[in-house]
Amino acid sequence: MVPRLLRAAIDRDADLVVASRYVGDGDADGLSSWMRSLVSLGSGRLAKAFFPRRLQQITDPMSGLFLVRRAALDLETFNPIGFKILLEIAVRLAPLKVLEVPFVFAERHAGESKASLREGMRFARHLLRLKTSVSSSWFRMAGVGTVGGTGIAVNTAALWLFMEHAGLGLAMAALLATQLSTAWNFVLCDRLVYQRRRQGGWMRSFVSYALLNNLSLLIRLPLMGVLIAQLAMDYRVANIATLLLVFVARFAVVDRTIYRGVPA
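Residues numbered from 1 in each chain as written. Predicted model: local features only at pLDDT ≥ 70, side-chain atom pairs only at ≥ 80, totals over all residues. Heavy atoms only, no water.

Trainee: In this structure, what is going on with the sheet that holds strand S1 (residues 16–20)? I would like to understand it.
Mentor: Note: strands within a sheet are paired through backbone hydrogen bonds, in either parallel or antiparallel orientation. The three strands are arranged S2-S1-S3 in an open sheet whose pairing can be described as mixed. Lying at the two open borders of the sheet, with one neighbouring strand each, are strand S2 (66–68) and strand S3 (98–102). Pairs of neighbouring strands in the sheet enclose a mean axial angle of 15°, with direction left out of account. The pairing of S1 with S3 spans five bridges and is classified as parallel. Within S3, the residue paired with Ser20 across the bridge is Pro102. The strands that helix H1 (residues 2–12) touches are S1, S2 and S3; relative to S3, the one it contacts most, it runs at about 145°. On the sheet, helix H3 (residues 85–92) packs against S1 and S2 and is oriented at approximately 40° with respect to S2. (Pairing = 2+ DSSP bridges. Helix = DSSP H or I, 4+ residues; strand = E, 2+ residues; numbered from the N terminus. Axes fitted to C-alpha atoms, helices over the stretch in contact; angles between N-to-C directions. Contact = heavy atoms within 4.5 Å.)

Trainee: What should I look at first to understand the nonpolar core in this one?
Mentor: As a rule of thumb, nonpolar side chains are buried together in soluble globular proteins. Residues Leu16, Ala47, Leu55 and Leu87 are the most contacted members of the largest nonpolar core, which totals 19 residues. Listing elements by their share of this core, those giving two or more residues are S1, H3 and helix H4 (117–134). With five residues, the single largest contributor to this core is H3. The residues contacting Ala47, other than those within four sequence positions of it, are Leu55, Pro61, Met62, Leu87, Phe123 and Leu127. In terms of nonpolar packing, the next biggest core, distinct from the first, is built from 14 residues, Val144, Phe186, Cys189 and Tyr209 among them. (Core = buried A, V, L, I, M, F, W, Y, C linked by side-chain atoms within 4.5 Å. Buried < 20%, exposed > 50% of the residue type's maximum accessible area, 1.4 Å probe, protein only.)

Trainee: Teacher, can you tell me more about the packing of helix H6 (residues 170–193) against helix H7 (residues 202–230) here?
Mentor: Helices that pack against each other are described as a pair by the angle of their axes relative to one another and the distance between those axes. Interaxial distance between H6 and H7 falls to 9 Å at its minimum, and their mutual angle equals 140°. For the pair H6 and H7, the crossing hand works out as right-handed. On the side of H6, the interface is formed by Leu170, Ala171, Ala174, Leu175, Thr178, Gln179, Thr182, Ala183, Asn185 and Phe186, while H7 contributes Trp202, Ser205, Phe206, Tyr209, Ala210, Asn213, Asn214, Leu217, Arg220, Leu221, Met224 and Ile228. Partitioned by chemical class, the residues of the contact of H6 with H7 number 14 nonpolar, seven polar and one charged. (Left-handed = near helix turned anticlockwise from the far one by under 90°. Nonpolar A, V, L, I, M, F, W, Y, C, P; charged D, E, K, R; others polar.)

Trainee: I keep staring at the packing of aromatic side chains and nothing clicks. Help me out?
Mentor: Remark: the centre distance and the inter-plane angle together describe each pair of aromatic rings, the angle taken between the planes. One pass over the structure, following the stated rule, counts four aromatic pairs. With a centroid separation of 5.3 Å and 70° between ring planes, the pair formed by Phe186 and Phe206 is classed as edge-to-face. With a gap of 20 residues between them, Phe186 in helix H6 and Phe206 in helix H7 connect regions that are remote in the sequence. According to the relative accessible area criterion, Phe186 is buried, its value standing at 6%. (Phe/Tyr/Trp six-rings, centres within 6.5 Å; stacked < 30°, edge-to-face > 60°.)

Written as structure tokens, this is what we have:
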């Protein structure tokens, strides 16, 4: 297969040549069971659903047999998880000139498959990380917003706890609740949304994030007071309302200063 891939690359001046089980007279019957076949086909379909345009020229993004032009690679941008390197290359370097050559995936005669439940979980994580890395800020905002939804619950529960059970006033309770939700949101966003691709060490990034949240609290507290005093709004509802109001502005600052809009 390697000479066939190389001939195709040279004759058609391609950047990426993939040996595909699902084009022409290619065949995947060598997979050891119907479950392996289902997982292989399903993972490929899932990858194409995540990246319909970037993988539109590739029928077998899970293939482990391919050639890539070295001049097209920028190794500094790569951070693959697991052994499916083709997916990393195809998504991060798109658009490339891609060719596919059919091949027959034969029965295994030695060694063991690397496929496992653990690899499946790593594959799912990789898909999500790649999606955040190549998508617009709207996708990152959705991720941060999802985490922020849990942070609002943490913040409001802590506010209630400090006011109702610790007997603290609104300002002090809100200050302490902000510290808890700040730590919660930072850890989840840093690990899940941005995959730790921050513009500095974690302590510096956390301090910047905490400073931003506490500055937003200076805006939220007077507004909460107005909502409670003038509109007779429950303090927990007022807390949620003000958190939602400052979300977009806070996201824009975090995305552009701490992470510079470049997640993992």
